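Coordinate inspection notes
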Amino acid sequence: MFQIRICTLLFLSSLLVLPAQQPKKLNSSEIYEAVQKLNVLASVLYIAAHPDDENTRLISYMSNEVKARTAYLSLTRGDGGQNLIGPEIRELLGVIRTQELLAARRVDGGKQRFSRANDFGYSKHPDETLEIWNKNKVLSDIVWTIRNFKPDIIINRFDHRSPGTTHGHHTSSAMLSVEAFDLANDASKYNTQLQLTETWQPKRLFFNTSWWFYGSEENFEKADKSNMLNFDIGVYYPTKGLSNNEVAALASSQHLCQGFGRLSQRGTQQEYIEFLKGDPLDNNNNIFAGIDTSWNRIKGGKAIGDILNKVESEFNFVNPASHLPQLLKAYKLIQTVENKHWKAVKTKELKAIIEACAGLYLEASSNTPNATPNSNITLNLEVLNRSSANISLASYKLSTLSNGISKNMEMSENQKLNFEEGIAIPANTNYTTPYWLNKKSTLGMYHVEEQELIGLPETPRAIFVDFNLNIEGTPITISKPVVYRYSQPDKGELYRPFEIIPEVSASIADKVFIFENDQQKEIEVTVKAGRDAIEGFVQMAYPNDWNVYPSKQKVEIANKGDIQKVVFTVIPPKNQSEGLITPMVNINGEFYTDELIEIDYVHIPYQTVLMPSESKVVRLNIEKRGNNIGYIEGAGDVVPESLRQIGYNVTIIKPEQISPENLTNFDAIVVGIRAYNVVEELKFKQRYLLDYVENGGNLVVQYNTNRGLKVDDLAPYDLKLSRDRVTDENALVRILEPNHPILNFPNKITIRDFEGWVQERGLYFPNEWSQEFTPLLASNDKGESSKEGSLLVAKYGKGNYIYTGLSFFREFPAGVSGAYRLFANLLSAGKEDNSNLKD
């Protein structure tokens, strides 16, 4: 019991303290759990649409209680969501959410898979979803996952029978899963996949239902459950010191960019799944009824099971190495089985257990966090046997070399071996970047040609080391990716993935430049060296009706990692125009046009992303009144930077700075997206903001969700938020009050100002408001009633209160001209009497 308590403490610390990048080292409790899973030959595939859709309670239950090999197939990477922890949106947000899913799976014990579907934002109906996605390709990706993962059971998160009642992506995930259930075993469907895999027929398909799908707990209580199975997902795991629902809460709390940090739960809790198709159920509430999930499932498996079941029943928590002889015997038997799928799966699992039982420490660490193709690095190899087992290092093989390096050295107990190897990175080594971003995507799909990559959560590492060991007479090869291990005085030991980067990268800080007149702007380009001794020049690609000078500038950077900044003068045309500018760095005749983006959050591994380095330039005919804007930040957006682009002086107002005396000098105050959902202090500061309006101020409030508001009174008059939204960015916008000052001053707003919008018109519109509010615009998605709450204006005292659910936070980064013109009007509200003045 004492050993189990120690292991429990270690498990908790590994979840809550250790950096996300640090390699996993199994303690005795975790080794025992791995042995339990090793003895179960069963697989479950859970399918939904987005990161954070997954039911971590059920995934954890299947993985940790049932001990089944469990995976979550998220059709998208969540690129269309919002980001509560930083500025990354779209593709970069998808990278973060991918890693958050992997972090969640490290907690709940599941695996992670994806399709090539691109999260294009909220969709109200699967018809729209499947029109924007390439249905055939997404379906083929699900079939590919089924054929490779070979699940006995598939569980859908959503109901395929209720289109139009929830997110179109949700229903589509279920509809496609139902279809793929049968297609995966049809050799005539997606037959090119069969060059790399084989057909597979899952045994059963379920829908993970709950009271939510029935409208209320009362309705669900009355529902016919004869076709359902239920599980107590509140079971307690003594080896973890946690209940299953606590593990699940820790897993879902990894979705920090979506605000999913939550309190854990404990105690009995029922989960239901509804049988949809496949082999009939029995009466024993057994999801695997009729499926042999023991080693007897495969030919030659009984002898393996006899060995490993004994290891499990007699597991030595004090000295796991005592089981090495049996584990090695089982390992050799597994190599003889005919079933290629289970042979591969269980060999990988067993090698990890053998490594942990022997206390092996195998690491290949680079002397630098990154390198370029055709460059040299030094690897520090550490090899350590922390058991009394007879182990030797026969050789190791670097992935960059064709032959291994012979060693034939005994690994005496706890006697560390260190080796240093200088290696050359091959010239044809691919850069480290998310593989699905290598080619330009469409609105609905990522473009991935290599079949073997489809579905993988991340790009396989390019540089690794195979350690060829002999353990008690049995040869075993254990592979380790090269990492970068370092320390910081205030953080201790840290790890980063080792990454391959270009010789040089170039970036422009702002992704949109708005030219409010025909005056030139100075645009700074930052060139970063990926190696020492960079020499070349940088020039700009730009639209035909624009001008840039000088034509090119010399680049000389002595040291890797250093930067050089150069400034180009960009001259806009006289008339309204837009296009892209791209810095192009020429090194020895080769042009480099990518930006190297680094994503660094403590809860996920360090990420390097290569994206085309380009910025949008917009020559905009725009007028504005007022200059000093106060901005209260919410969940994160680039609106302040965007307003500075058109000449406003924007001051960030911290919640503690909101006071009558600090607000009086602003021409307008803007409240950031979801501020009333995430900024606790606003419950105490709202009265000052409303007083500011009453005394003649202009307050612009951007969208908030209708749940979790921190204030009782969002506006000076009755205003009720809803889930109303218009997801079609091209939906017709109708001007309800064409003579209203906000639509005429200082810019005349017309239907043309709503052309070129991206992702959506807006979201979480109010659906009820008092008579003091005037709705200015109306729009709706196809087949829906008119939504008139996207832009509401009310006079309050001497000032103006404006609430808008329009997605300015998406339109500004895309350089949408009309969005800037309309927002300038919102900020200019009430200044018509001073129209003879122009800032």
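Everything numeric in this text was worked out from a predicted model, so none of it was measured.

Each helix and strand counted, the protein has 18 helices and 43 strands in total. In terms of C-alpha radius of gyration, the protein reaches 30 Å, essentially the compact-globule figure of 28 Å for 839 residues. Taken over the C-alpha atoms alone, the protein extends approximately 90 × 75 × 55 Å along its principal axes. The proportion of buried residues among the 839 residues of the protein is 57%. Pairs at least 24 apart in sequence give 74% of the contacts found in the protein among residues at least 6 apart. Total accessible area on the protein stands at roughly 35,400 Å², and carbon and sulfur atoms take up 46% of it. Here the protein contributes 89 positively and 102 negatively charged side chains, and the mean placements of these two sets differ by 3 Å.

Moving on, we get to the packing of aromatic side chains. Applying the stated rule across the entire model yields 27 aromatic pairs. Aromatic side chains Phe-808 and Phe-812 sit 5.7 Å apart centroid to centroid with 45° between the ring planes, which places their arrangement in the tilted category. The exposure class of Phe-812 is buried, given its relative accessible area of 1%. Put simply, the rings of Phe-754, Trp-757, Phe-808, Phe-812, Tyr-820 and Phe-823 pair up and form one aromatic cluster. Arg-77 extends its terminal NZ or CZ atom over the ring of Trp-436, reaching a point 3.4 Å from the ring centre. Note that Lys-552 overlies the ring of Phe-537, its terminal NZ or CZ placed 4.3 Å from the centroid.

Summed over the entire model, instances satisfying the criterion amount to 39 salt bridges. Among the salt bridges present, the one from Lys-574 reaches Asp-518, with a minimum N-O distance of 2.9 Å. Here the residue Lys-574 occupies a position in the loop between β27 (563–571) and β28 (577–587), and Asp-518 occupies one in the loop between β22 (512–515) and β23 (521–529), the gap between them amounting to 56 residues. Looking at Lys-574, the relative accessible area reads 62%, which means it is exposed. Glu-680 serves as the salt-bridge partner of Lys-710, at 2.8 Å between the closest nitrogen and oxygen. Within this pair, whereas Lys-710 is found in the loop between β36 (698–701) and β37 (719–726), its partner Glu-680 is found in the loop between α15 (675–678) and α16 (682–694), the two being separated by 30 residues in sequence. Linked by salt bridges that have partners in common, Lys-124, Asp-781, Glu-784 and Lys-787 make up one network.

On the secondary structure map, Asp-53 appears in the loop between β1 (43–48) and α3 (56–65). Not counting residues within four places of it along the chain, the set of residues in contact with Asp-53 comprises Ala-48, Tyr-72, Arg-157, Phe-158 and His-170.

Before going further, it helps to examine the nonpolar core. Ranked by internal contacts, the top residues of the largest apolar core, which has 72 residues, are Leu-643, Leu-682, Leu-777, Tyr-801, Leu-822, Phe-823 and Leu-827. Top contributing element to this core by residue count: helix α18 (residues 817–827), with 7 residues. Discounting residues that sit within four places of it in the chain, Tyr-801 has contacts with Leu-690, Val-693, Leu-699, Val-701, Leu-714, Ala-715, Pro-716, Leu-719, Phe-773, Leu-792, Val-793 and Ala-794. Trp-295, Ile-298, Leu-417 and Leu-469 belong to the second largest nonpolar core, which has 56 residues in total.

Below, the discussion takes up helix α11 (residues 324–334). Three or more residues of α11 are buried, namely Leu-324, Leu-327, Leu-328, Ala-330, Tyr-331 and Ile-334. An end-on view of α11 places all buried positions within 160° of arc, on one side of the element. Within α11, the exposed residues directed more than 90 degrees away from the buried face are Pro-325 and Lys-329. Buried residues belonging to α11 abut α10 (301–313), α12 (340–357), β16 (464–471) and β17 (474–481).

Note on placement: Tyr-190 falls in the loop between α7 (168–183) and β5 (204–207). What makes Tyr-190 buried here is its relative accessible area of 19%. Those residues within four positions of Tyr-190 in sequence are excluded, and the remaining contacts are Asn-136, Leu-139, Ser-140, Val-143, Arg-147 and Leu-183.

Moving on: the sheet that holds β27. Strand order in the open sheet made by the 4 strands is β21-β23-β27-β25, with antiparallel pairing throughout. Of all the strands in the sheet, the pair left with one neighbour each is β21 (504–507) and β25 (547–549). Here the strands of the sheet are splayed against their neighbours by 30° on average, with no regard to which way each runs. In terms of strand pairing, β25 meets β27 through 3 bridges, oriented antiparallel. Counted as the bridge partner of Tyr-549 is Thr-569 from β27.

Take the environment of Asn-230 next. Looking at where Asn-230 falls in the secondary structure, it is placed in strand β6 (residues 228–232). With 160 residues separating them in the primary sequence, Asn-230 and Asn-390 have C-alpha atoms 48 Å apart. Apart from the residues within four sequence positions on either side, Asn-230 is in contact with Gln-270, Glu-271, Tyr-272 and Asn-285. In terms of polar contacts, Asn-230 uses its side chain to reach the side chain of Gln-270, at 2.6 Å.

Pairing is antiparallel across the open sheet formed by 4 strands, whose spatial order is β14-β13-β16-β17. Pairing within the sheet leaves two strands with one partner each, and these edge strands are β14 (405–410) and β17. When strand polarity is set aside, the average angle formed by the axes of neighbouring strands in this sheet is 20°. Of the strands in this sheet, β16 and β17 are in contact with α11, which crosses β17 at around 85°.

Before going further, it helps to examine the pairing of strand β19 (residues 492–497). Alignment of strand β18 (residues 483–488) against β19, held across 6 bridges, turns out to be antiparallel. In the strand pairing of β19, Ser-487 is matched with Glu-493. Between the end of β18 and the start of β19, which pair antiparallel, lie 3 residues.

Two numbers describe how α11 lies on α12: the axes approach to 10 Å, and their chain directions differ by 160°. Judged on the interaxial angle alone, α12 and α11 are roughly antiparallel. Considering how the two elements wind past one another, α11 and α12 form a crossing that is left-handed. Between α11, through Leu-324, Leu-327, Leu-328, Ala-330, Tyr-331 and Ile-334, and α12, the contact on the second element is made entirely by Lys-343, Lys-346, Thr-347, Leu-350, Lys-351, Ile-353, Ile-354 and Cys-357. Residues that form the contact of α11 with α12 fall into these classes: 10 nonpolar, 1 polar and 3 charged.

Our focus in this paragraph is a negative patch on the surface. There is a patch of like negative charges on the surface, built from Asp-712, Asp-713, Asp-718 and Glu-772. Residue placement: Asp-718 occurs in the loop between β36 and β37.

Another point: the environment of Glu-198. When you line up the elements, Glu-198 lands in the loop between α7 and β5. A relative accessible area of 46% places Glu-198 in the partly exposed class. Separated by 348 residues in the primary sequence, Glu-198 and Trp-546 have C-alpha atoms spaced 55 Å apart. Each residue touching Glu-198, except ones within four places of it in the same chain, is listed here: Arg-147 and Lys-150.

In this structure, the amide linkage connecting Tyr-549 to the following residue, Pro-550, adopts the cis form with an omega of 0°. Its location among the elements puts Pro-550 in the loop between β25 and β26 (552–557). In this structure, Pro-746 follows Phe-745 across a cis peptide bond, with omega equal to -10°. The topology assignment puts Pro-746 in the loop between β38 (733–735) and β39 (762–769). In this structure, Asp-52 is a non-glycine residue whose phi angle is positive, near 80°. Within the secondary structure layout, Asp-52 lies in the loop between β1 and α3. Notably, Gln-759 is not glycine yet its phi reads approximately 65°, a positive angle. Position of Gln-759 relative to the elements: it lies in the loop between β38 and β39. Classification of Gln-759 as buried rests on a relative accessible area of 10%.

Cut-off values and rules
- Every residue gets a number counted from 1 within its own chain, in the order that chain's sequence is written.
- Confidence filtering applies because this is a predicted model: local features only for residues at pLDDT of at least 70, side-chain atom pairs given and counted only at 80 or more, and all residues used for totals across whole chains, interfaces and linings.
- For side-chain calculations, the full set of non-hydrogen atoms in the structure is used, while hydrogens and water are omitted.
- Labels follow the DSSP assignment, with helices taken as runs of H or I lasting at least four residues and strands as runs of E lasting at least two, numbered in each case from the N terminus.
- C-alpha atoms define the radius of gyration in this analysis, and the globule rule sets the expected value at 2.2 Å times the number of residues to the power 0.38.
- The classification of residues rests on relative accessible area computed with a 1.4 Å probe and restricted to protein chains. Under 20% of the type maximum is buried, over 50% is exposed, and intermediate values are partly exposed.
- The contact criterion used is simple: two residues touch if any of their non-hydrogen atoms lie within 4.5 Å.
- The Shrake-Rupley method, run with a 1.4 Å probe sphere, supplies the accessible areas, and residue values consider only the shown protein chains as cover.
- Neither His nor the chain ends is counted toward charge; the positive residues are Lys and Arg and the negative residues Asp and Glu.
- The atoms used to mark charge sites are NZ of Lys, CZ of Arg, CG of Asp and CD of Glu.
- Between 30 and 60 degrees the pair is tilted, below 30 it is stacked and above 60 it is edge-to-face, where a pair is any two Phe, Tyr or Trp rings, Trp via its six-membered ring, whose centres lie within 6.5 Å.
- Ring-over charges, as used throughout, are those where CZ of Arg or NZ of Lys falls within 6 Å of the ring centre and within 35 degrees of the ring normal.
- The rule for a salt bridge is simple: a side-chain nitrogen of Lys or Arg has to be within 4 Å of a carboxyl oxygen of Asp or Glu.
- Residues enter a nonpolar core if they are buried and are Ala, Val, Leu, Ile, Met, Phe, Trp, Tyr or Cys, with the set joined through side-chain atoms within 4.5 Å.
- The arc in question is the one spanned by the directions pointing from the helix axis to the C-beta atoms.
- When DSSP finds two or more bridges between a pair of strands, those strands are recorded as paired.
- Working convention: axes come from line fits to C-alpha atoms, limited for helices to the stretch in contact. Angles between N-to-C directions cover 0 to 180 degrees.
- N or O atoms within 3.5 Å of each other form a polar contact, as long as, within protein, one can give a hydrogen and the other can take it, and as long as residues adjacent in sequence are counted only when both atoms are side-chain atoms.
- Oblique is the label for every angle not falling under 35 degrees (roughly parallel), over 145 degrees (roughly antiparallel), or within 65 to 115 degrees (roughly perpendicular).
- The crossing is said to be left-handed when, going from far helix to near helix, the turn is anticlockwise and less than a right angle, and right-handed when the turn is clockwise.
- Each residue is assigned to one class: nonpolar for Ala, Val, Leu, Ile, Met, Phe, Trp, Tyr, Cys and Pro, charged for Asp, Glu, Lys and Arg, and polar for all the others, Gly among them.
- Two distance rules govern patches: like charges are joined within 9 Å, and nonpolar side chains (Val, Leu, Ile, Met, Phe, Trp, Tyr) within 5 Å, applied only to residues with over 30% relative accessible area and no salt bridge.

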